[in-house]
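So you can see what is in the structure, the chains are spelled out below.
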Amino acid sequence: MPDVPVLDGAAVLAAVSAADAIERVREGLIRFHRGEWAMPPKLYLDAAPYGDFRAMPASGDGLAVLKWVTSFPGNPARGLQTVNGVVCVSDAATGGLLMLLDAPAVTALRTGAVAAVATAALAPAGARSVGVIGCGCNGAWVARCLAAAGYGPGVCSDPREEVARGIAEDLNWSTGPREDALRCDVVCCITPGASIVVDAGDLRPGLHLNMLGADGSGKAEASVGAVASCALFCDEWKQASHGGELTAAVEAGLVSREQVTELGAVLAGDAPGRVGPESVTLFDSTGLAVQDLAIAAAALDAWRAGRVQAPTVAL
């Protein structure tokens with residue numbers, strides 16, 4: 001087997017800019033909607049009470065990827081990352097391994113990118129201010145990608161004041177409590193999903209919500225009442241209805257498949273987005289392997305073009 005380049009987190013972020021990530025993820029969602037990219041269901045391996053492992057495959061444009069990634073919410077208390085893992089990129093024609101990438105960096109980029117894509121598609125035309133609730137690694141990249149897409153200023157809110165301050169200072173935004181963030185035009189929630197962040201009483205005409213933290217069974221950042229009160233969109237119905245923000249409302253019989261539109265259909269022009277300026281839109285992002293494929297393909301292109309350096313390993 002030829003030597004395989006390995007991109008660590010810093011190399012991934014150097015290879016793919018926020019603007020490039022946004023465009024790549026947008027195109028990937030359209031290609032997936034049109035059936036040009038394939039994505040089998042995400043596989044969970046429970047590691048209770050600590051967290052879980054996830055295997056996420058996808059293929060498209062001559063590449064096949066597998067992301068082996070974790071979510072261990074208690075890790076920060078141990079001085080460890082919540083998310084760990086690797087993205088393997090292979091040639092779909094030969095099966096040859098082409099690249100290994102740091103999974104947390106890929107995850108952060110595609111999470112931020114899809115928030116920006118959803119906001120552009122679903123928020124009111126005049127929306128600018130951004131509230132980011134949960135300012136860890138993924139939340140920081142949500143803020144960076146929205147800023148790169150022209151949104152802001154914003155309010156960064158996190159119980160860890162120093163974490164919120166770090167990204168706020170980078171972007172010349174401000175910090176504040178949850179209530180300040182919820183008053184913004186666009187509200188992005190990127191918490192562990194263990195407690196409710198948005199309730200029905202927090203909704204107001206014209207609000208757009210990006211719910212990005214509930215990515216597994218039992219997680220939720222919005223109350224069932226809040227979810228049922230919104231015009232609903234998701235990255236992929238099967239994932240969102242079984243392990244996303246929509247799950248509890250679906251299980252309660254308050255939300256059906258017909259009430260939820262996949263973002264890819266909106267981007268492709270096959271479904272309407274926001275009905276009017278007064279509606280409240282909610283995008284449920286559970287994280288798709290096709291989004292990881294989009295970022296991995298961009299990183300591979302950057303390495304092949306010599307825009308980023310990486311060590312290689314012989315396997």
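Residues numbered from 1 in each chain as written. Predicted model: local features only at pLDDT ≥ 70, side-chain atom pairs only at ≥ 80, totals over all residues. Heavy atoms only, no water.

A. Geometry of the pattern of salt bridges. Under the counting rule described, the total for this entry stands at 16 salt bridges. One salt bridge in this structure joins Asp301 and Arg24, with 3.0 Å as the shortest N-O distance. Of this pair, Asp301 sits in helix H11 (residues 289-304) while Arg24 is found in helix H2 (residues 18-33), placing the two residues 277 residues apart along the sequence. Two residues, Arg183 and Asp180, come together in a salt bridge whose shortest N-O distance is 2.2 Å. On the basis of relative accessibility, which here comes to 27%, the residue Asp180 falls in the partly exposed class. Overlapping salt bridges bring together Asp52, Arg54, Asp215 and Lys219 as one network. (Salt bridge = Lys/Arg side-chain N within 4 Å of Asp/Glu carboxyl O. Helix = DSSP H or I, 4+ residues; strand = E, 2+ residues; numbered from the N terminus. Buried < 20%, exposed > 50% of the residue type's maximum accessible area, 1.4 Å probe, protein only.)

B. Geometry of unusual backbone geometry. Of note, the amide linkage connecting Ala48 to Pro49 takes the cis form, showing an omega dihedral of 5 degrees. Here Gly152 and Pro153 are connected by a cis peptide whose omega angle stands at 5 degrees. Examined against the element boundaries, Pro153 turns out to sit in the loop between helix H4 (137-148) and strand S8 (154-157). We note that Asp61 has phi near 55 degrees; this positive angle belongs to a residue other than glycine. Secondary-structure assignment places Asp61 in the loop between strand S3 (51-60) and strand S4 (63-71). Judged by its relative accessible area of 51%, Asp61 is exposed. Even without being glycine, Asn172 reaches a positive phi, approximately 60 degrees. Here Asn172 shows up in the loop between helix H5 (161-171) and strand S9 (174-175). Asn172 sits in the exposed class, given a relative accessible area of 69%.

C. Representation of the layout of surface pockets within the structure. When its volume is computed, the largest pocket comes out at roughly 1,100 Å³. Thr82, Gly136, Cys137, Asn138 and Ile190 are, among the 47 residues lining the largest pocket, the residues nearest its centre. It is helix H3 (residues 103-122) that contributes the most residues to the lining of the largest pocket, six residues altogether. Approximately 230 Å³ is the volume found for the second largest pocket. Along the wall of the second largest pocket there are 15 residues; nearest its centre are Pro41, Lys42, Glu236, Lys238 and Gln239. Considering only residue class, the lining of the second largest pocket consists of five nonpolar, six polar and four charged. (1 Å grid on protein atoms, 1.4 Å probe; cavity = no way out; pocket = protein on both sides within 12 Å on 5 of 7 lines; lining within 4 Å. Points joined across faces, edges and corners; volume = space filled by probe spheres on them. Nonpolar A, V, L, I, M, F, W, Y, C, P; charged D, E, K, R; others polar.)

D. Inspection of the packing of H2 against H3 at higher detail. H3 packs onto H2 with a crossing angle of 75 degrees between their chain directions and a minimal axis gap of 8 Å. Of the possible angle classes, the one that applies to H2 and H3 is roughly perpendicular. Between H2 and H3, the residues in contact are Ala21, Ile22, Val25, Arg26 and Leu29 and Leu109, Arg110, Ala113, Val114, Ala116 and Val117, respectively. Here the contact of H2 with H3 is composed, by residue class, of nine nonpolar, no polar and two charged. (Axes fitted to C-alpha atoms, helices over the stretch in contact; angles between N-to-C directions. Parallel < 35°, antiparallel > 145°, perpendicular 65-115°, else oblique. Contact = heavy atoms within 4.5 Å.)

E. Fine view of the sheet that holds strand S1 (residues 4-7). Pairing in this open sheet of seven strands is mixed, and the strands run S2-S3-S4-S5-S6-S1-S15 from one edge to the other. Each edge of the open sheet carries a strand with a single partner, namely strand S2 (43-47) and strand S15 (312-313). Across nine bridges, the pairing between S3 and S4 is antiparallel. Within the sheet, the bridge partner assigned to Pro57 lies in S4 and is Leu66. Where H11 meets the sheet, it contacts S1, S3, S4, strand S5 (85-91) and strand S6 (97-102), and its direction lies at approximately 65 degrees from that of S3. (Pairing = 2+ DSSP bridges.)

F. Structural view of the pairing of S5. Pairing geometry for S4 and S5, over seven bridges, is antiparallel. In the sheet register, Val65 faces S5, and the bridge partner there is Val89. Relative to S6, S5 runs antiparallel, the two being bridged by five bridges. What sits directly across from Val89, in S6, is Met99. Here S5 hands over to S6 after five residues, with Gly95 in that stretch at a positive phi of 85 degrees.

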